[in-house]
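# Coordinate inspection notes
Each chain is listed here by its residues.
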Amino acid sequence: MTLAARIESFLELAEEWVRGLYHGMITHPAYEKIEQQAEDYEDAFMLACFPDAFGIPSPISYYTAELLPFLEAEFEAWERRMWDRGSLLERKGHQYHF
């Protein structure tokens with residue numbers, strides 16, 4: 001293996017390592033926080049539209065029932081996520097490492 005080839009392979013390895021370091025330290029945590037916040041907003045919207053799924057009476061249930069065909073795919077996953085979630089404090093505490 002020539003010196004030029006060894007230098008080239010070292011530079012490729014260093015570039016890959018630096019990209020992985022940048023992704024792990026900067027971009028990945030940001031994406032994770034953005035995804036968690038978006039999921040929280042989606043959960044709040046779904047709970048506002050369908051509170052009767054959890055036994056909370058709502059006078060607008062008749063009107064929000066019209067949204068159910070459009071939100072059918074998300075509804076089952078949301079309902080499962082809400083029943084599995086320990087509490088809102090637990091989720092928010094996890095974000096701040098409590």
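The structure we're discussing is the one just above.
Below you will find a few notes about this structure. (Residues numbered from 1 in each chain as written. Predicted model: local features only at pLDDT ≥ 70, side-chain atom pairs only at ≥ 80, totals over all residues. Heavy atoms only, no water.)

### Some points on the environment of E74
- Of note, E74 is situated in helix 3 (residues 72–84).
- Overall, the relative accessible area of 33% leaves E74 in the partly exposed class.
- Distance from E74 to E42, taken between C-alpha atoms, is 9.4 Å for residues 32 residues apart in sequence.
- Filtering out sequence-adjacent residues up to four positions away, E74 remains in contact with E42 and M46. (Helix = DSSP H or I, 4+ residues; strand = E, 2+ residues; numbered from the N terminus. Buried < 20%, exposed > 50% of the residue type's maximum accessible area, 1.4 Å probe, protein only. Contact = heavy atoms within 4.5 Å.)

### Description of the pattern of salt bridges
- Summed over the entire model, instances satisfying the criterion amount to 1 salt bridge.
- With a closest N to O distance of 2.8 Å, E15 and R19 form a salt bridge. On the criterion of helical spacing, the pair formed by E15 and R19 is a turn pair, its members being 4 residues apart in helix 1 (residues 3–49).
- Owing to a relative accessible area of 57%, R19 belongs among the exposed residues under this scheme. (Salt bridge = Lys/Arg side-chain N within 4 Å of Asp/Glu carboxyl O.)

### With respect to the nonpolar core
- Core analysis: the largest hydrophobic core is formed by 6 residues, namely M46, C49, F50, L71, F75 and W78.
- Once residues within four sequence positions are removed from consideration, M46 is found in contact with L71, E74, F75 and W78. (Core = buried A, V, L, I, M, F, W, Y, C linked by side-chain atoms within 4.5 Å.)

### What to know about the packing of aromatic side chains
- As enumerated under the stated definition, the model contains 3 aromatic pairs in all.
- Ring centres of Y62 and Y63 lie 5.4 Å apart, and the angle between their planes is 80°; on these two criteria the pair is classed as edge-to-face.
- By relative accessible area, Y63 is classed as exposed at 56%. (Phe/Tyr/Trp six-rings, centres within 6.5 Å; stacked < 30°, edge-to-face > 60°.)

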